[in-house]
Amino acid sequence: MTESMEVKKKISSNISRIASEGAGYVDARYYLDDSSETLLLYDGDLEANDTTVESGIGVRVLWEGAWGFAATSDPSCLDACFEKAAMNARTASRLVKVPLSMGAGEAVKGSYATPVEVDPFSVSLQDKLTFLTRLDNDLKEDFILKRMVYVNFQRKKVHFQNSEGSEINKDLVNVFGMIMAMALDSDGEMQRRSMSLYSTGDGTAGWEMVTNPELFSGHAARVRSELAELIKAEPLEYGKRSVILLPGQGHLQVHETIGHPLELDRILGYELSYAGGSFVDLDSFGKLRYGSDKLSVSSYGSIANSPGSFGFDDDGTPERAYRLIDRGILVNALTSRAMVNEANEKAGREVFQQSGGAARATSFYKAPIDRMTNINILPGNDGTEDDIIASTEDGIVVDNPVSWSIGSNREHFHFGCEIAWEVKNGEKTRVLRNPTYQGHTLEFYGSLSAVGDESTWKVELVNNCGKGEPNQVMQIGHGVPVVKFDDVITGERK
Amino acid sequence: MLDANIRKILMQVRDKAADEGIQATLKLHHEKSHLMRIGNNSVSLNTSENLVRLDIEVTDGRKQGSQTYLGAINDADTVQGIFDAAREKARMASPKTYDPIPDKVEVTINEDSQFDHELADIDPGIKAEAYREIIERLGEKYNYSGSWSSGSMEVYILTTANRNEVCHRGTDQLFTVVLKHTQAKWELTHNQTGWRASDFSVEKTINALSELISVYEENDGFKVEPGEYTVIFGASALSEIIAMAMYTGLSGRGWEEKQSWTAKFKPGDKILGENISVVDDPTNPKTFMFGFDMCGRKRDIFPLIADGEFMNLMYDSATAGKYGKKPTGHDTESPSIVMDTGFGHADPLEAVIDMGRVLYIPAIHYMNIPNRSKGIFTGSSRFNAVLVEDGKIVSPIFSSRVTDSFQNVLGNVKVISSVAESVNESNTYGRRAPVAMSVPSYIVSEGVKITDSADSF
Ligand SMILES: [Zn+2]
């Protein structure tokens, strides 16, 4: 028997043992491999050439309505780890006013593997560096002072078991990439222009994304030329105008002001001491007008090659594509089993029919919490980016975040972007620098006046969503078209 | 203390590498972390982690590579395997255009002056009981949430430059409780920090929150219209502003690369108000004291701002190598930033008694930097924020956004508290790396820009 088979067997017997002692639910996630490789060329110098390899087991025990969790990186300490998790749960159960429940669950058996053509970990470091150095060379130009080429590859091999007889194996691969160039503007202040690897929603998610010119490697010339315009540009003046978000910015708008406020644990008050709450409450579902009729938002969205697609969540729930917002009306949330049960109990009605499969943990040593998957604005009927610009009297087109700051209940926000293009009477006139815009979430989505068609839709990948205590960083996808909002406050008051 | 067997194995691998003329750094990090979360007046998670991480970095001339391992380390073969992986990565790396500065443990240091056995092995039941008492005494009609992180961490570093060793062992904790009114939706919070179990007391939290509860219960929220205000920033808000100002202004890399708000200044220039002095002081016990950085360099008192004057830039090893400067001991996740206290009354309300209408913003939520070159930050008020008139708290204020520059906010400070407060700035994203700052318990700043506000808390 191999070591991993032995560990899996020991996990089974420990789960049975703890369950037979009276636990309401027990699960374990065994990370056989959790590897991450980061390469960073900064002005051509290889400043990061790092690989992290982790392995271990995380155990969750529900005892009289309270969670205990423990993790170990040493498989020889497995029995003690189960014991610790059970003991933690028993201690937690001493202070329970609102008991948590996983409800009745069926055994789920299955496996999921991210579709990959070329495993990024199978490509030699030399080949990777040759490719990235060529990309760095593409960014060079006399006026450019700083250049960055960044990639990050992740591989997670996870075995899941729970006390309901579920057994799931996942083999996940994520690929992230970013290029950036910086130069001084006419005031001697540094401006930047960047581009991050994205997905079209179809296809595979391996090294081939990095070498695909459309998705990543073919954008250096555009980045250079937009930066050249940016450093000669005037700053954006304060005022109300239309704001057209390209997916490079729109995905973060969705992430911060639709994704986070719709996490059910946040809505129920479990994140107040760190991430914050939500302006949404249980009465909002089925009633709240979140945005104009043009706003429809989905979770998962059957996207093949995104870090927000992972087959089964960490409760063992299979991934499920569903709507969060339907033609402007809020209809669902990002949910896990225990949170759905608590919400329905609290509301005294069935607000949520089933778990949305959004329980996710970032590593073996963190417990799952409610997370985004792929949170997407569905494409609309307002044509191409050019069509949307043509229909705009006074506005700006903005791309890529520099800064984001959101109210604690996600009720208001302030974003800074890398670049803006002024739009006057249906035409892009000039580039403007230091663009910012701010708003109040419901008013802002209520002013959504144009949603681009399929041709404008891209899946942007997020590698750094922070949430939870202990803090966890999660990987997420956002499919978004070009979107336009009217009467938005832009720039800063003098 | 560090497992003797692991220590022996690491020294063996170091000796072998040194004999072969390889330049390398070995860093071991061991944490035992505990965290209890509270949600809806219950313990929502009670979690323990016991993790060992080993980082090995190899430098081969101008080429570098590193390997990090989190898993069981029981034998020399495992460590040698990690070493070989890092060595191979360095061999295959592309060379830099400058000479990296070799890591070197300058002197052997073995420090554990901030280690408390009682906190390292705290019974989680004590935490549950403390929350129970707080909930019962402040009233079960409110909704309580929070978290209490505690634990121990140990760092051990060896370099092939010599056989010196540095070892740090410490404990730390951060307690937070949030009290929310379920209908009115206002939220109050209280934090406690320290490295000893005895640093915590239920009484401190009860006292701090009791007073505010009546203000919030008896008065409606106040909507702050955009404009310029005199603002009392509490210790938590001030520590965020100072940390961000130092990070975006006084890091060597940001300045060398003209990205920082100080890019157009040089050491010796006045950049903040004359009453502002800031130092990185690893000997200050209100911070978590690390006597060395992760490259093995000794950390000493390091002036950053003196009487508003720009004193020094913090250079990490890579930046120093690239720009021909000396590293300053700032390859650390745990700096000890200390802002000097002033002469203000211990009670901020006394300090503003003659100032008319003042906003008291104790903490800033989700601060970010929309314009680094101009040093502009933005963030919103949240917990415990109140309107003060003639030194008296009048009403709570709704969520209000501050968007202003470091130079304006720290250039127009009228009062600085005479009391220093320790603010825990740790996060638990990666490995346990406790960080705390010491700042005055408040400052009063004039002409602060409020740029937006909600009509809810
Ligand atoms: Zn996020």
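Residues numbered from 1 in each chain as written. Chains lettered and ligands numbered in written order. Predicted model: local features only at pLDDT ≥ 70, side-chain atom pairs only at ≥ 80, totals over all residues. Heavy atoms only, no water.

Visitor: Please clarify how the overall build of chain B should be interpreted in this entry.
Guide: Each helix and strand in chain B was counted, giving 10 helices and 22 strands. Along the first, second and third principal axes, the C-alpha set of chain B runs to 75 × 55 × 35 Å. Sorting the 457 residues of chain B into buried and exposed places 64% on the buried side. If you take every contact in chain B between residues at least 6 apart in sequence, the share linking residues at least 24 apart comes to 74%. Summed over all atoms, the accessible surface of chain B reaches about 16500 Å², with 48% contributed by carbon and sulfur. Distance between charge centroids for chain B: 7 Å, based on 48 positive and 64 negative side chains. (Helix = DSSP H or I, 4+ residues; strand = E, 2+ residues; numbered from the N terminus. Buried < 20%, exposed > 50% of the residue type's maximum accessible area, 1.4 Å probe, protein only. Contact = heavy atoms within 4.5 Å. Areas by Shrake-Rupley, 256 points an atom, 1.4 Å probe, with all protein chains shown as cover. Lys, Arg positive; Asp, Glu negative; His and termini not counted. Charge placed at Lys NZ, Arg CZ, Asp CG, Glu CD.)

Visitor: Would you mind going over the coordination of the zinc ion with me for this structure?
Guide: Ideal values for angles at a metal depend on the geometry: 109.5 degrees with four tetrahedral donors, 90 or 180 degrees with six octahedral donors. Residues and elements named next belong to chain A. Coordination of the zinc ion by the protein comes from His-255 (NE2), His-260 (NE2) and Cys-465 (SG), over a distance range of 2.0 to 2.4 Å. For the zinc ion, all donor residues lie on one chain, and their spacing in sequence is H-x4-H-x204-C. Taken as a pair, His-255 in helix α7 (residues 247-259) and Cys-465 in strand β22 (residues 458-467) lie far apart in primary sequence, 210 residues in all. Of the two residues, His-255 and Cys-465, neither departs from the other in class, the shared state being buried. (Donors = N, O, S within 2.8 Å, 3.2 Å for Na, K, Ca; no water.)

Visitor: I'm lost on the environment of Glu-443 of chain A in this one. Help?
Guide: Note that Glu-443 of chain A resides in helix α11 (residues 441-446). Expressed as a C-alpha distance, the spacing of Glu-443 of chain A and Asp-487 of chain A, which sit 44 residues apart in the sequence, is 9.9 Å.

Visitor: Explanation requested: the interface of chain A and chain B in the structure shown.
Guide: By convention, interface size is frequently given as the accessible area that disappears when the constituent parts associate. In this assembly, 87 residues from chain A lie in contact with 85 residues from chain B. For the chain A face of the interface with chain B, the top three residues by lost area are Leu-95, Leu-272 and Glu-469 of chain A, together amounting to 10%. Applying the counting rule to chain A against chain B returns 10 salt bridges. In this structure, the salt-bridge partner of Glu-257 of chain B is Lys-146 of chain A, at a minimum N-O distance of 3.5 Å. Per-element accounting of the side of chain A that touches chain B gives the leading share, 10 residues, to strand β2 (residues 45-63) of chain A. Broken down by class, the residue content of the side of chain A that touches chain B amounts to 34 nonpolar, 29 polar and 24 charged. Of the pairings in the sheet, the one linking β2 of chain A to strand β3 (residues 63-70) of chain B comprises 5 bridges and is parallel in character. The partner of Asp-50 of chain A across the bridge, within β3 of chain B, is Ser-66 of chain B. (Buried area = accessible area lost by both parts, 1.4 Å probe. Salt bridge = Lys/Arg side-chain N within 4 Å of Asp/Glu carboxyl O. Nonpolar A, V, L, I, M, F, W, Y, C, P; charged D, E, K, R; others polar. Pairing = 2+ DSSP bridges.)

Visitor: Looking at this structure, how should I read the packing of aromatic side chains?
Guide: Each pair of aromatic rings is reported with the distance of its centres and the angle of its planes. Residue and element names in this part refer to chain A. By the definition in use, this model includes 30 aromatic pairs over all chains. When the centroid spacing of 5.9 Å and the interplanar angle of 55° are considered together, the rings of Tyr-290 and Tyr-445 count as tilted. Placement of the pair is Tyr-290 in the loop between α8 (264-267) and β11 (297-299) and Tyr-445 in helix α11, with a sequence separation of 155 residues. Exposure class is identical for Tyr-290 and Tyr-445. Each is buried. Aromatic ring contacts, followed pair by pair, group Phe-279, Tyr-290, Phe-413, Phe-415, Tyr-437, Phe-444, Tyr-445 and Phe-485 into a single cluster. (Phe/Tyr/Trp six-rings, centres within 6.5 Å; stacked < 30°, edge-to-face > 60°.)

Visitor: Even after reading the chapter, I still don't get the sheet that holds β22 of chain A, so can you show me in this structure?
Guide: Sheet strands pair by backbone hydrogen bonding; their relative direction is either parallel or antiparallel. Residues and elements named next belong to chain A. Strand order across the open sheet formed by 3 strands is β8-β22-β23, with antiparallel pairing between neighbours. Looking at the sheet topology across the chains shown, the edges are occupied by β8 (198-199) and β23 (472-480). Here β8 runs beside β22; their pairing, made up of 2 bridges, is antiparallel. Bridge assignment links Ser-199 to a residue of β22, and that residue is Val-459. In the packing of α7 onto the sheet, the strands contacted are β22 and β23, and the crossing angle to β23 comes to about 120°. (Axes fitted to C-alpha atoms, helices over the stretch in contact; angles between N-to-C directions.)

Visitor: Would you take a moment to explain the pairing of strand β3 (residues 66-72) of chain A for this structure?
Guide: Consecutive residues of a regular strand have side chains that alternate between opposite faces of the sheet. Along β3 of chain A, 7 of the 7 residues are buried, which leaves the element largely enclosed by surrounding structure. Side-chain alternation along β3 of chain A places Ala-66, Gly-68, Ala-70 and Thr-72 of chain A on one buried face and Trp-67, Phe-69 and Ala-71 of chain A on a second face that is also buried. Counted between consecutive antiparallel strands, the loop separating β2 of chain A from β3 of chain A contains 2 residues, among which Glu-64 of chain A sits at a positive phi close to 45°. Both β3 of chain A and strand β2 (residues 42-60) of chain B contribute to a ladder of 5 bridges, which runs parallel. Within the sheet, the bridge partner assigned to Gly-68 of chain A lies in β2 of chain B and is Asn-46 of chain B.

Visitor: Please clarify how the nonpolar core should be interpreted in this entry.
Guide: Side chains that are nonpolar tend, in soluble globular proteins, to be buried together. All names here are of chain A. Formed by 77 residues in total, the largest nonpolar core has its most connected members in Ile-258, Leu-264, Tyr-290, Leu-295, Phe-352 and Tyr-437. Residues within four places of Ile-258 in sequence aside, it is in contact with Gln-253, Tyr-290, Leu-295, Val-297, Ile-325, Ile-375 and Tyr-445. Listed in part, the 51 residues of the second largest apolar core include Leu-125, Val-149, Val-223 and Leu-230. (Core = buried A, V, L, I, M, F, W, Y, C linked by side-chain atoms within 4.5 Å.)

Visitor: Explain the pairing of strand β18 (residues 400-405) of chain B to me, please; I cannot follow it from the model alone.
Guide: Residues and elements named next belong to chain B. Most of β18 sits inside the fold, with 6 of its 6 residues counted as buried. Residues Ser-400, Val-402 and Asp-404 of β18 are buried on one face, and the alternating residues Arg-401, Thr-403 and Ser-405, pointing to the opposite face, are buried as well. As paired elements, strand β15 (residues 376-381) and β18 share 5 bridges and run antiparallel to each other. Note on β18: the bridge partner recorded for Gly-379 is Val-402.

Visitor: For this particular structure, what's the right way to read the layout of surface pockets?
Guide: To find leftover empty space, a probe the size of one water molecule is rolled over the atoms. Considered as a void within the structure, the second largest pocket measures approximately 930 Å³ in volume. Taken together, 41 residues make up the lining of the second largest pocket; nearest its centre are His-30, Lys-32, Ser-33, Glu-49 and Asn-50 of chain B. Mapped by element, the contributors of at least two residues to the lining of the second largest pocket are β3 and α2 (78-92) of chain A together with α1 (4-19), β1 (23-39), β2, α3 (117-120) and β5 (143-159) of chain B. Looking at the lining of the second largest pocket, its residues break down into 18 nonpolar, 15 polar and 8 charged. (1 Å grid on protein atoms, 1.4 Å probe; cavity = no way out; pocket = protein on both sides within 12 Å on 5 of 7 lines; lining within 4 Å. Points joined across faces, edges and corners; volume = space filled by probe spheres on them.)

Visitor: How do you make sense of the environment of Ile-11 of chain A when you look at a structure like this?
Guide: Residue and element names in this part refer to chain A. Relative to the helices and strands, Ile-11 resides in helix α1 (residues 3-20). Expressed as a C-alpha distance, the spacing of Ile-11 and Leu-78, which sit 67 residues apart in the sequence, is 7.7 Å. With residues up to four places along the chain from it excluded, the contact list for Ile-11 reads Ala-28, Tyr-30, Ile-57, Leu-78, Phe-82 and Gln-161.

Visitor: Looking at this structure, I do not really get the side chain of Thr-160 of chain B. What am I missing?
Guide: Residues and elements named next belong to chain B. Tracing the backbone through its elements, the reader meets Thr-160 in the loop between β5 and β6 (166-180). With a relative accessible area of 14%, Thr-160 lands in the buried category. A polar contact is formed between the side chain of Thr-160 and the backbone oxygen of Ile-22, at a distance of 3.2 Å. Contact partners of Thr-160, with chain neighbours within four places excluded, come to Arg-14, Ala-17, Ala-18, Ile-22, Gln-23 and Ala-24. (Polar contact = N/O pair within 3.5 Å; in protein donor to acceptor, adjacent residues only side chain to side chain.)

Visitor: Quick question: what am I supposed to make of helix α3 (residues 125-139) of chain A here?
Guide: The α-helix advances 3.6 residues per turn, and as a result positions three or four apart in sequence lie on the same side. Residues and elements named next belong to chain A. Look at α3: 21 Å from first C-alpha to last across 15 residues, which is about the 21 Å you get at 1.5 Å a residue. All buried positions along α3 are accounted for by Leu-125, Lys-128, Leu-129, Phe-131, Leu-132, Leu-135, Asp-136 and Leu-139. Down the axis of α3, the buried set is contained in an arc of 165°. They therefore lie on one face. (Expected span 1.5 Å × (residues − 1). Arc of directions from axis to C-beta.)

Visitor: Looking at this model, I keep getting lost on the side chain of Thr-257 of chain A. Mind explaining?
Guide: Residues and elements named next belong to chain A. Turning to its location among the elements, Thr-257 is positioned in helix α7. Within the structure, the side chain of Thr-257 is placed 2.5 Å from the backbone oxygen of Gln-253, a separation counted as a polar contact. Among the polar contacts listed, one links the side chain of Thr-257 to the side chain of Tyr-445, at a separation of 2.7 Å.

Visitor: Would you take a moment to explain the pattern of salt bridges for this structure?
Guide: Where side chains of opposite charge bring their charged atoms close, a pairing between them can arise. Residue and element names in this part refer to chain A. Within the structure shown, the criterion is met by 68 salt bridges over all chains. Put simply, Lys-428 and Glu-385 hold a salt bridge, and the shortest N to O gap is 3.9 Å. Separated by 43 residues along the polypeptide, Lys-428 in strand β19 (residues 427-433) and Glu-385 in helix α10 (residues 385-390) bring together distant segments of the chain. Look at Lys-428 and you get partly exposed, because its relative accessible area is 38%.

Visitor: What is the right way to read the domain arrangement of chain A from this model?
Guide: Residues and elements named next belong to chain A. On domain assignment, one finds that chain A holds domain 1 (3-232) and domain 2 (235-492). Inter-centroid distance (C-alpha atoms) of domain 1 to domain 2 is 21 Å. Tallying the contact residues gives 62 residues for domain 1 and 46 residues for domain 2. Surface buried jointly by domain 1 and domain 2 totals about 4200 Å² across both partners, of which 51% is contributed by carbon and sulfur atoms. For the interface between domain 1 and domain 2, the tally reads 8 salt bridges. For Arg-193, the salt bridge identified is with Glu-418, shortest N-O distance 2.8 Å. The tally of links between domain 1 and domain 2 comes to 29 residue pairs in polar contact (both at pLDDT 80 or more). Split into classes, the residues belonging to the side of domain 1 that touches domain 2 amount to 24 nonpolar, 23 polar and 15 charged. (Domains from an automatic or database assignment.)

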